[in-house]
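As a plain string of letters, each chain reads:
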Amino acid sequence: MICRRCHQLSDDGLNYCPYCGLSFSDDTEVKNEGDSGASAEQNGSGEERERINFDGGQYGGNQYGQYPYGQYPYGGNPYGQGQPPRAKREKTPFQKALSGFLHAIGYFLLFVVIQNIVFYAMVYAEPTVNFYNNFYSAMQSIDSSSMTVDEYNALYEYYYEMCYDIYVDEVNSVTSSTQYSLASIVSNAATVAVVLIIGKIRKRTFTEHIGLRPIKSPYSYLALPAGAALMIISLFAINVIPFSEEVIEEYNETYSFIGGGSVIAEFISVVIFAPICEEIIFRACGYGRLRRGFPVAAAIIMSAFIFAFAHGNLISYVYTFPMGIILAWLYYEYDSIFVPILFHMGFNLMNYIPIPFGESETITSLDIIVLIISAAVFAVCAVLMIAYRPKKKFER
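Computed from a predicted model, the values in this text were never measured in an experiment.

Brief notes about the overall build of the protein
Part 1 of the reasoning: In terms of regular secondary structure, the protein is built from eleven helices and three strands.
Part 2 of the reasoning: Each helix (α) and strand (β) of the protein, taken in turn from the N terminus, gives the series β-β-β-α-α-α-α-α-α-α-α-α-α-α.
Part 3 of the reasoning: Burial statistics for the protein: of 396 residues in total, 39% are counted as buried.
Part 4 of the reasoning: Put simply, 65% of the contacts in the protein that link residues at least 6 apart link residues at least 24 apart.
Part 5 of the reasoning: Element-wise, carbon and sulfur atoms account for 61% of the exposed surface of the protein, whose accessible area totals about 22,400 Å².

This is how it looks when you write it as structure tokens:
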């Protein structure tokens, strides 16, 4: 709005002019007093009000006789403070990099914490309570008065191992049931909900916060078959690399839930909810924050490393790290979280599509044929997606 006295333009919604300090609702006209530069104003009661300039003198200084901050006549300046608002200081490159890295790590920790809380409540809580109850009951039945210290310690270890074996069996039975898939669905949905709440608190739009923008190129839908082809290539790499028995056993235990319980619940968890949640956390939030302080290549590599680390298994690193690089690149080029979600869904989808690959301990000619077809599909999709990716008008 324009002040009727000093004729300066200011923001709407203010009660007092930030230049002359008088109320916008006061219709009293300003009186000019010749060449002396003095100006006076009368309020509704006819009383003349004195002006003070920035130099401390009366009726002098600038032509409108502005009040300095903190000396407005009607209860302070329009910002409600005694001092003018300070301009936001620009961050140094180091501060931007550190802030982006800490934000990315923060979203990763948020993902881990919510996942652990939900899985403990829905999967591990009951076996844990049973373990301590069984162990406590076993130890209460011992008459330690007639035992030596060594005998008591030996009996303690025996009951502990026995109760722990029962605990492991109970956890494995839950892991191979529908309850595990439901816990995964709930944890992923809760993580996305918390991320959206954070965006709401930070007053960011839904689209801006998680990159939920419409797909601009029809070739972006090739991300789905490209992800499926990469899954087969990754499976071949895992079978070729000579991992130790301990690493293979750990990997099998990590993904032992696949194939147990309800196939529908497991499919919804692995193919739908997991890609959506992980892409929002590791690409939209993780890579998106790293990009504010690092070059594109560095942000992509760092986000891929965090993504691979989140899977917590040496065999998983073989495919999650290059997959993380591809996913971050897709998000950067297509500027929409939909594209990496499609790629991730295609990758996980191959867990439920039977293919004649890796069924024997040795590599067969059929394995080679399937590998060549998969590599060709991935290469064609990659070339088309690179060639027809949307033109970037500006750097994100």
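Moving on, there is more to tell.
With respect to the pattern of salt bridges
Part 1 of the reasoning: For the structure on display, the rule yields four salt bridges.
Part 2 of the reasoning: Arg389 serves as the salt-bridge partner of Glu333, at 3.0 Å between the closest nitrogen and oxygen. Remark: Arg389 occurs in the segment after helix H11 (365-387) and Glu333 occurs in helix H9 (residues 314-334); sequence separation between them is 56 residues.
Part 3 of the reasoning: Given the relative accessible area of 11%, Glu333 is considered buried.
Part 4 of the reasoning: Using a relative accessible area of 33% as the deciding quantity, one classes Arg389 as partly exposed.

What about the nonpolar core?
Part 1 of the reasoning: Residues Val195, Phe282, Tyr287, Met323 and Phe343 are the most contacted members of the largest nonpolar core, which totals 50 residues.
Part 2 of the reasoning: Examining the composition of this core, we find that nine residues originate from one element, H9, more than from any other.
Part 3 of the reasoning: One finds Phe131, Phe135, Tyr159 and Tyr167 within the second-largest nonpolar core, a separate group that totals nine residues.

Describing the packing of aromatic side chains
Part 1 of the reasoning: By the definition in use, this model includes 18 aromatic pairs.
Part 2 of the reasoning: When the centroid spacing of 5.4 Å and the interplanar angle of 70 degrees are considered together, the rings of Phe282 and Phe307 count as edge-to-face. One end of the pair, Phe282, is in helix H7 (residues 263-290); the other, Phe307, is in helix H8 (residues 296-311), and 25 residues separate them in sequence.
Part 3 of the reasoning: Phe282 gets classed as buried once you look at its relative accessible area, which sits at 4%.

Let's talk about the packing of helix H1 (residues 93-140) against helix H2 (residues 149-175)
Part 1 of the reasoning: With their axes 9 Å apart at the nearest point, H1 and H2 run at an angle of 155 degrees to one another. By the criterion of interaxial angle, the relationship of H1 to H2 is roughly antiparallel. Where H1 crosses over H2, the two elements pack in a sense that is right-handed. From H1, Val123, Tyr124, Pro127, Thr128, Asn130, Phe131, Asn134, Phe135, Ala138 and Met139 reach across to H2, where they touch Tyr152, Tyr156, Tyr159, Tyr160, Cys163, Tyr164, Ile166, Tyr167, Glu170, Val171 and Val174.

What to know about the confidence of the model for the protein
Part 1 of the reasoning: Taken over all residues, the pLDDT of the protein has a mean of 80, while the share at 70 or more is 77%.
Part 2 of the reasoning: Looking at the elements of the protein, mean pLDDT is at its lowest for strand S2 (residues 38-42), recorded as 43, and at its highest for helix H10 (residues 338-349), recorded as 96.
Part 3 of the reasoning: Scored below 50 in pLDDT, residues 29-77 shows 91 contacts in the model against residues more than four places distant or in partner chains.

Points about helix H3 (residues 178-201)
One turn of an α-helix holds 3.6 residues; hence residues three or four places apart share an orientation.
Part 1 of the reasoning: With 24 residues, H3 extends 35 Å from end C-alpha to end C-alpha; this agrees with the ideal 34 Å at 1.5 Å per step.
Part 2 of the reasoning: For H3, every residue scored as buried is listed here: Tyr180, Ser181, Ala183, Ser184, Ile185, Ser187, Asn188, Thr191, Val192, Val195 and Gly199.
Part 3 of the reasoning: Where the residues of H3 are buried, they touch H1, H2, helix H4 (206-210) and H7.
Part 4 of the reasoning: Of the residues trailing H3, Lys203 is marked for its positive phi of about 60 degrees.

A closer look at a negative patch on the surface
Part 1 of the reasoning: Residues Glu245, Glu246, Glu249, Glu250 and Glu253 make up a contiguous surface patch of negative charge.
Part 2 of the reasoning: Summarising the element assignment, Glu245 is placed in helix H6 (residues 245-254).
Part 3 of the reasoning: In this structure Glu245 comes out as exposed when scored by relative accessible area, which is 60%.

So, the environment of Tyr317
Part 1 of the reasoning: With respect to the element layout, Tyr317 can be found in helix H9.
Part 2 of the reasoning: For the pair Tyr317 and Phe307, spaced ten residues apart in sequence, the C-alpha separation works out to 9.2 Å.
Part 3 of the reasoning: In this structure Tyr317 touches Ala308, Phe309, Gly312 and Pro322, once residues within four positions along its chain are discounted.

Notes on the side chain of Asn313
Part 1 of the reasoning: Among the secondary structure elements, Asn313 is positioned in the loop between H8 and H9.
Part 2 of the reasoning: Within polar-contact distance, the side chain of Asn313 engages the backbone nitrogen of Ile315 at 2.9 Å.
Part 3 of the reasoning: Each residue touching Asn313, except ones within four places of it in the same chain, is listed here: Val247, Glu250, Tyr251 and Thr254.

Quick look at the side chain of Thr320
Part 1 of the reasoning: Secondary-structure assignment places Thr320 in helix H9.
Part 2 of the reasoning: Of note is the side chain of Thr320, whose polar atom sits 2.6 Å from the backbone oxygen of Ser316.

Here's the deal with the packing of H6 against H9
Part 1 of the reasoning: The N-to-C vectors of H6 and H9 enclose an angle of 70 degrees; their axes lie 8 Å apart at closest approach. One way to sum up the angle between H6 and H9 is to call them roughly perpendicular. Between H6 and H9, the contacting residues are Val247, Ile248 and Tyr251 on the first element and Leu314, Ile315, Ser316 and Tyr319 on the second.
Part 2 of the reasoning: Counted by class, the contact of H6 with H9 contains six nonpolar, one polar and no charged residues.

Definitions and limits used
Residues numbered from 1 in each chain as written. Predicted model: local features only at pLDDT ≥ 70, side-chain atom pairs only at ≥ 80, totals over all residues. Heavy atoms only, no water. Helix = DSSP H or I, 4+ residues; strand = E, 2+ residues; numbered from the N terminus. Buried < 20%, exposed > 50% of the residue type's maximum accessible area, 1.4 Å probe, protein only. Contact = heavy atoms within 4.5 Å. Areas by Shrake-Rupley, 256 points an atom, 1.4 Å probe, with all protein chains shown as cover. Salt bridge = Lys/Arg side-chain N within 4 Å of Asp/Glu carboxyl O. Core = buried A, V, L, I, M, F, W, Y, C linked by side-chain atoms within 4.5 Å. Phe/Tyr/Trp six-rings, centres within 6.5 Å; stacked < 30°, edge-to-face > 60°. Axes fitted to C-alpha atoms, helices over the stretch in contact; angles between N-to-C directions. Parallel < 35°, antiparallel > 145°, perpendicular 65-115°, else oblique. Left-handed = near helix turned anticlockwise from the far one by under 90°. pLDDT = per-residue confidence, 0-100. Expected span 1.5 Å × (residues − 1). Patch = residues over 30% accessible without salt bridge, like charges linked within 9 Å, V, L, I, M, F, W, Y side chains within 5 Å. Lys, Arg positive; Asp, Glu negative; His and termini not counted. Charge placed at Lys NZ, Arg CZ, Asp CG, Glu CD. Polar contact = N/O pair within 3.5 Å; in protein donor to acceptor, adjacent residues only side chain to side chain. Nonpolar A, V, L, I, M, F, W, Y, C, P; charged D, E, K, R; others polar.

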